[in-house]
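Here is how the chains run, residue by residue.
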Amino acid sequence: DQQVKQNSPSLSVQEGRISILNCDYTNSMFDYFLWYKKYPAEGPTFLISISSIKDKNEDGRFTVFLNKSAKHLSLHIVPSQPGDSAVYFCAASSNTGNQFYFGTGTSLTVIP
Amino acid sequence: SAVISQKPSRDICQRGTSLTIQCQVDSQVTMMFWYRQQPGQSLTLIATANQGSEATYESGFVIDKFPISRPNLTFSTLTVSNMSPEDSSIYLCSVEVTGRGPQHFGDGTRLSIL
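Remember, it's a predicted structure, so these values are computed and weren't measured experimentally.

A. Layout of the overall build of chain A. A count of helices and strands for chain A gives zero helices and eleven strands. Counting from the amino terminus, chain A carries its helices and strands in the arrangement β-β-β-β-β-β-β-β-β-β-β. Scaling as 2.2 N^0.38, a compact globule of 112 residues should have a C-alpha radius of gyration of about 13 Å, and chain A matches this with 13 Å. Taking the principal axes of the C-alpha coordinates as reference, chain A spans close to 45 × 30 × 20 Å. Within chain A, the fraction of its 112 residues that count as buried is 46%.

In structure tokens form, the structure reads like this:
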């Protein structure tokens, strides 16, 4: 059973515009959420995180929004750059264990 | 964060054989993990590698198939035993540097079984 879902396998955005990547989860016990970026032949790289006590966390061009009532989080990238083209994974965990649950990823292409 | 070196980066193996994947971290870490990413799938946790004791396996994964060693706080190995084509995946190790912080990943081992 997939507890973390990314329903869009791919997304294309023009350079300079906003990229919005979405993620839904089912487990109400999740209280820590992360986004990772993955380039081909490399491991996932941590991008940004948010705990459930917040609804927004910002780091430069990257902002993560958390809507606990909807069990939904999103990653906004503004402005998008060609170097942002990668696969983005969201992940979630609860304080009952160390396991991170990952979505299946969204492949972002930023078109110059 | 931490620098994580994983070897080999890729391999092609015959069915029925075993392969050991190594994960080396540049600093001492308490928590080390092994994940599998099957084609088109998300990352799935295989086990937590515990230093000085047996690994903790997730549902669906067993020690006979995926034996894990953790001899010290900077090194771990995962063996994929008696391989079949269904084991063709990317295997990744990760570490947690701070409690309840992000996990940091190695570049993975891309394994193909013929």
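Having seen the model, we can carry on.
B. Spotlight on the environment of threonine 77 of chain B. Residues and elements named next belong to chain B. The topology assignment puts threonine 77 in strand β8 (residues 75–80). Of the residues examined, threonine 77 reaches a relative accessible area of 12% and is grouped as buried. Expressed as a C-alpha distance, the spacing of threonine 77 and proline 67, which sit ten residues apart in the sequence, is 8.3 Å. Apart from residues lying up to four places away in sequence, threonine 77 is in contact with Thr20, Ile21, Gln22, Trp34, Pro67, Ile68 and Ser69. In this structure the side chain of threonine 77 is engaged in a polar contact, spanning 2.6 Å, whose partner is the side chain of serine 69.

C. Region of interest: the packing of aromatic side chains. Tallying each qualifying case throughout the model produces 13 aromatic pairs over all chains. Seen in terms of ring centroids, tyrosine 36 of chain A and phenylalanine 46 of chain A are 6.0 Å apart; in terms of plane orientation they differ by 70°. Their pairing is edge-to-face. Note that tyrosine 36 of chain A is positioned in strand β4 (residues 32–38) and phenylalanine 46 of chain A in strand β5 (residues 45–51), a separation of ten residues in sequence. Since its relative accessible area comes to 0%, tyrosine 36 of chain A is described here as buried. According to the relative accessible area criterion, phenylalanine 46 of chain A is partly exposed, its value standing at 25%. Where phenylalanine 102 of chain A meets phenylalanine 105 of chain B, the ring centres are 5.9 Å apart and the plane angle is 75°; that geometry is what we call edge-to-face. Of the two residues, phenylalanine 102 of chain A is situated in strand β10 (residues 101–102) and phenylalanine 105 of chain B in strand β10 (residues 103–105); the pairing between them involves two chains. By relative accessible area, which is 2% here, phenylalanine 102 of chain A ends up buried. Overall, phenylalanine 105 of chain B belongs to the buried group, its relative accessible area being 9%. Taken together through their ring pairs, the aromatic side chains of Tyr32, Tyr36, Phe46, Phe100 and Phe102 of chain A together with Tyr35 and Phe105 of chain B make up a single cluster.

D. Quick look at the sheet that holds strand β8 (residues 72–77) of chain A. All names here are of chain A. The antiparallel open sheet is built from five strands, whose spatial order is β1-β3-β8-β7-β6. Every interior strand has two partners, whereas the edge strands, β1 (4–5) and β6 (56–59), have only one. Bridge count between strand β3 (residues 19–25) and β8: six bridges; the pairing is antiparallel. Residue pairing across strands places serine 19 opposite isoleucine 77, the latter belonging to β8.

E. A look at the state of the cysteines. Under the defined criterion, the tally for this structure stands at two disulfides over all chains. Cysteine 23 of chain A shares a disulfide with cysteine 90 of chain A; S-S distance 1.9 Å. Taking the torsion about the S-S bond as the criterion, the cysteine 23 of chain A to cysteine 90 of chain A disulfide, at about 65°, is right-handed. On the criterion of sequence distance, the pair formed by cysteine 23 of chain A in strand β3 and cysteine 90 of chain A in strand β9 (residues 86–93) is long-range, its members being 67 residues apart. For cysteine 23 of chain A, a relative accessible area of 1% gives the class buried. Residue cysteine 90 of chain A is classed as buried on the basis of its relative accessible area, which comes to 0%. Put simply, cysteine 23 of chain B and cysteine 93 of chain B are joined by a disulfide, and their sulfur atoms are 1.9 Å apart.

F. Spotlight on the nonpolar core. Counting residues in each nonpolar core, the largest one holds 26 residues, and the members touching the most others are Trp34, Ile46, Phe66, Ile68, Leu78, Tyr91 and Leu111 of chain B. At the level of elements, β3 (19–25), β4 (31–37), β5 (43–49), β8, β9 (89–96) and β11 (109–113) of chain B are the ones that each hand at least two residues to this core. In terms of residues, this core owes the most to one element, β3 of chain B, which gives four residues. For isoleucine 68 of chain B, the contacting residues outside a window of four places in its chain are Trp34, Ala47, Ala49, Ala55, Tyr57, Ser76, Thr77 and Leu78 of chain B. Membership of the second largest hydrophobic core comes to 23 residues, among which are Phe33, Trp35, Val64 and Ile77 of chain A.

Conventions adopted
- Residues numbered from 1 in each chain as written.
- Chains lettered and ligands numbered in written order.
- Predicted model: local features only at pLDDT ≥ 70, side-chain atom pairs only at ≥ 80, totals over all residues.
- Heavy atoms only, no water.
- Helix = DSSP H or I, 4+ residues; strand = E, 2+ residues; numbered from the N terminus.
- Rg over C-alpha atoms; globule rule 2.2 N^0.38 Å.
- Buried < 20%, exposed > 50% of the residue type's maximum accessible area, 1.4 Å probe, protein only.
- Contact = heavy atoms within 4.5 Å.
- Polar contact = N/O pair within 3.5 Å; in protein donor to acceptor, adjacent residues only side chain to side chain.
- Phe/Tyr/Trp six-rings, centres within 6.5 Å; stacked < 30°, edge-to-face > 60°.
- Pairing = 2+ DSSP bridges.
- Disulfide = S-S within 2.5 Å.
- Core = buried A, V, L, I, M, F, W, Y, C linked by side-chain atoms within 4.5 Å.

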